[in-house]
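Residue-level structure breakdown
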Amino acid sequence: QVQLVESGGGLVQAGGSLRLSCAASGSIFSINTMGWYRQAPGKQRELVATITGGGTTNYADSVKGRFTISRDNAKNTVYLQMNSLKPEDTAVYYCKGIIMVTITSPRAQYWGQGTQVTVSS
């Protein structure tokens, strides 16, 4: 069984910073792309940033230049450094991993439970 557990959310003032972490554990053969998504109240879940196993990154236009995604493959962990936070960044942030549990299993996506980020003005 695979679990993704996020941490690092909280309340911060506009202009502040937070660092989110997401650790994958359980029966894991390999992890391909990992990413962060967010969902604000009344809105659809949206992509924030992704990073491939080789380190190629992709960002939503709304966070480019402010957020940085990184990963530690040895720890099966992905990070999201969020700087210059704005009230519109307030949302529940979810981690997703594309994971193979065995060498013969298909890739499947797994989600974390989410962590709340609240940015006050």
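Since the model is a prediction, treat every value here as computed from it, not as a measurement.

Cut-offs applied
- Residues numbered from 1 in each chain as written.
- Predicted model: local features only at pLDDT ≥ 70, side-chain atom pairs only at ≥ 80, totals over all residues.
- Heavy atoms only, no water.
- Core = buried A, V, L, I, M, F, W, Y, C linked by side-chain atoms within 4.5 Å.
- Buried < 20%, exposed > 50% of the residue type's maximum accessible area, 1.4 Å probe, protein only.
- Helix = DSSP H or I, 4+ residues; strand = E, 2+ residues; numbered from the N terminus.
- Contact = heavy atoms within 4.5 Å.
- Pairing = 2+ DSSP bridges.
- Axes fitted to C-alpha atoms, helices over the stretch in contact; angles between N-to-C directions.
- Phe/Tyr/Trp six-rings, centres within 6.5 Å; stacked < 30°, edge-to-face > 60°.
- Lys NZ or Arg CZ within 6 Å of the ring centre and 35° of its normal.
- Polar contact = N/O pair within 3.5 Å; in protein donor to acceptor, adjacent residues only side chain to side chain.

Here we come to the nonpolar core. Residues Trp-36, Leu-80, Met-82 and Tyr-93 are the most contacted members of the largest nonpolar core, which totals 29 residues. Counting residues per element, the ones that place at least two in this core are strand E1 (2–7), strand E3 (18–26), strand E4 (30–39), strand E5 (46–51), strand E7 (67–72), strand E8 (77–82), strand E9 (91–100) and strand E11 (115–120). Residues in contact with Leu-80, not counting those within four places in the same chain, are Leu-18, Arg-19, Leu-20, Trp-36, Val-48, Ala-49, Phe-67, Thr-68, Ile-69 and Tyr-93.

Spatially, four strands are ordered E1-E3-E8-E7 in an open sheet, and the strand pairing comes out antiparallel. Looking along the sheet, the strands with just one partner apiece sit at the ends: E1 and E7. The mean angle between the axes of side-by-side strands here comes to 15°, regardless of whether they run parallel or antiparallel. Bridge count for E7 against E8 is six bridges, and the pairing is antiparallel. Within the sheet, the bridge partner assigned to Ser-70 lies in E8 and is Tyr-79.

Quick look at the packing of aromatic side chains now. Here the structure, examined in full by the defined rule, presents one aromatic pair. Pairing Tyr-37 with Trp-111 gives two aromatic rings, centres 5.1 Å apart and planes at 65°, and the pair type is edge-to-face. Separated by 74 residues along the polypeptide, Tyr-37 in strand E4 and Trp-111 in strand E10 (residues 108–111) bring together distant segments of the chain. The positively charged end of Arg-45 is found above the aromatic ring belonging to Tyr-94, 3.7 Å away from the centroid.

Moving on, we get to the environment of Asp-61. With respect to the element layout, Asp-61 can be found in the loop between strand E6 (57–59) and E7. With relative accessibility at 63%, the residue Asp-61 sits in the exposed group. Sequence separation between Asp-61 and Glu-88 is 27 residues; the distance between their C-alpha atoms is 13 Å. Within the structure, Asp-61 has its side chain in polar contact with the side chain of Lys-64 (distance 3.1 Å).

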